[in-house]
Amino acid sequence: MMSIVERELELKLVLSPERSIPVPARLTYRTDDPYAVHIAFHIGSESPVHWTFARELLVEGVFRPCGHGDVRIWPTKVAGRSVVCVALTSPDGNALLEMNSAAVAAWVERTLRVVPPGSESDRLGIDEALAELLAPLPADDLWLSDPWQSDDAPSQDGEA
């Protein structure tokens, strides 16, 4: 059974050290995609902007800097409040976002209760899919039987 853990929250898009704007967002975790977290940013366009990255990055980023390349996450304090910063890079541009640390940590904890770390692969059903793929079918008997008589076997017409 698939479970979904969601949280609506308001992030801050940092435009400069002195200026940021609020951005409504939704954090989503699905047990059918157990290694990933999904964030949808509602930026006033027709459809939200979606980002998907490793749950492990967010789990670690609540406590210490992590990530490289397109997604980097780190905890810090801004104006006396604890935040988690998320830097996103794409061919379309860069974004620096601030999220309330307590809200993100609580949401991450909920995902960890639903699918504990190290048990993600159990949710993928790889073993079951491989067993189904490799299971013999009735037609396999035709392929497994030898259509040619061996040289040792007597022929049908009685000659050896």
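The model shown is predicted, which means the values in this text are computed figures rather than measured ones.

1. Digging into the pattern of salt bridges
This structure, assessed with the given rule, holds 6 salt bridges. The closest approach of N and O atoms between Arg64 and Glu60, which form a salt bridge, is 3.5 Å. Using a relative accessible area of 46% as the deciding quantity, one classes Arg64 as partly exposed. The salt bridge involving Glu109 is made with Arg113; its shortest N-O contact spans 3.8 Å. With Glu109 and Arg113 both in helix H2 (residues 101-114) and 4 residues apart, the pair spans about one turn of that helix. When its relative accessible area of 38% is taken as the criterion, Glu109 is described as partly exposed. Residue classification places Arg113 among the exposed positions, given a relative accessible area of 57%. When salt bridges that share partners are traced, they join Glu6, Glu8 and Arg26 into one network.

2. Brief notes about the pairing of strand E7 (residues 81-90)
Strand direction decides the pairing type here: strand E6 (residues 71-78) and E7, joined by 8 bridges, are antiparallel. The residue bridging Ile73 from the neighbouring strand is Val86, located in E7. Between E6 and E7, which pair antiparallel in sequence order, lie 2 residues; one of them, Ala79, sits at a positive phi of approximately 50°. In this structure, the hairpin formed by E7 and strand E8 (residues 93-100) is closed by a connection of 2 residues.

3. Some points on the nonpolar core
Among the nonpolar cores identified, the biggest contains 28 residues, and Phe41, Phe53, Leu58, Ile73, Met99 and Trp107 are the most heavily contacted of them. When sequence neighbours within four positions are dropped, the list of residues in contact with Phe53 reads Tyr35, Ala36, Val37, Ile39, Leu58, Val71 and Ile73.

Definitions and limits used
- Residue numbers restart at each chain and count upward from 1, following the sequence in its written direction.
- Given that the model is predicted, a residue must reach a pLDDT of at least 70 before its local features are reported, and side-chain atom pairs must reach 80 or more before they are shown or counted; all residues, however, enter totals for whole chains, interfaces and linings.
- As a rule here, side-chain values cover all heavy atoms of the structure and leave hydrogens and water aside.
- The term salt bridge refers to a pairing of a side-chain nitrogen on Lys or Arg with a carboxyl oxygen on Asp or Glu at a separation within 4 Å.
- Accessible area is worked out with a 1.4 Å probe on protein chains only. A residue is then buried under 20% of its type maximum, exposed over 50%, and partly exposed in between.
- Secondary structure counts use DSSP, requiring at least four H or I residues in a row for a helix and at least two E residues in a row for a strand, with both numbered from the N terminus.
- Paired strands are those between which DSSP finds at least two bridges.
- Note on terminology: a nonpolar core comprises buried Ala, Val, Leu, Ile, Met, Phe, Trp, Tyr and Cys residues joined through side-chain atoms within 4.5 Å.
- Contacts are assigned to residue pairs with any non-hydrogen atoms lying within 4.5 Å of each other.

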